[in-house]
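# Structural overview
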Amino acid sequence: MGRFLALWRQNPNAPWPENPSEAAELNELLFAGVDDLIAKGEIVEFGWFPDGASGYAISVGEITDVFRRVSMFQPYFFSEVHEIIPYEKGKEINREILQMRITMAKK
């Protein structure tokens, strides 16, 4: 199971309601979607950036799960998704690569 960072931002070209009551209803639907994913443990952290129109989500699962999650919020939001390699694993890989380079340099 992987961990993923999704950087999201509002799509300014989406069909956003101009009526404040309709906008509030849409926001509640979007909030309910995020709340459901958090309750299921699929999203482990969610937040907004200070611009109020973008933010991030950290989630767990398979890449196809992430695809499903970000697709749920289209066309209102765009997402840029990155798989997270844990620090210890990244450190291990970097050490292996450097050791391989040292070995190759000696030849």
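One structure accompanies this document, and this report is about it. From a predicted model like this one, the values you see are computed outputs, not experimental measurements. (Residues numbered from 1 in each chain as written. Predicted model: local features only at pLDDT ≥ 70, side-chain atom pairs only at ≥ 80, totals over all residues. Heavy atoms only, no water.)

Now for the pattern of salt bridges. A complete count under the given rule lists five salt bridges for this structure. Residue Asp36 pairs with Lys40 through a salt bridge whose shortest N-O separation is 3.2 Å. Using a relative accessible area of 38% as the deciding quantity, one classes Asp36 as partly exposed. Salt-bridge contacts for Arg68 lead to Glu42; the nearest nitrogen and oxygen are separated by 2.9 Å. Of this pair, Arg68 sits in helix α2 (residues 63–72) while Glu42 sits in the loop between α1 (20–39) and β2 (43–48), placing them 26 residues apart in sequence. Connected through shared salt-bridge partners, Glu42, Arg68 and Arg69 make up one network. (Salt bridge = Lys/Arg side-chain N within 4 Å of Asp/Glu carboxyl O. Buried < 20%, exposed > 50% of the residue type's maximum accessible area, 1.4 Å probe, protein only. Helix = DSSP H or I, 4+ residues; strand = E, 2+ residues; numbered from the N terminus.)

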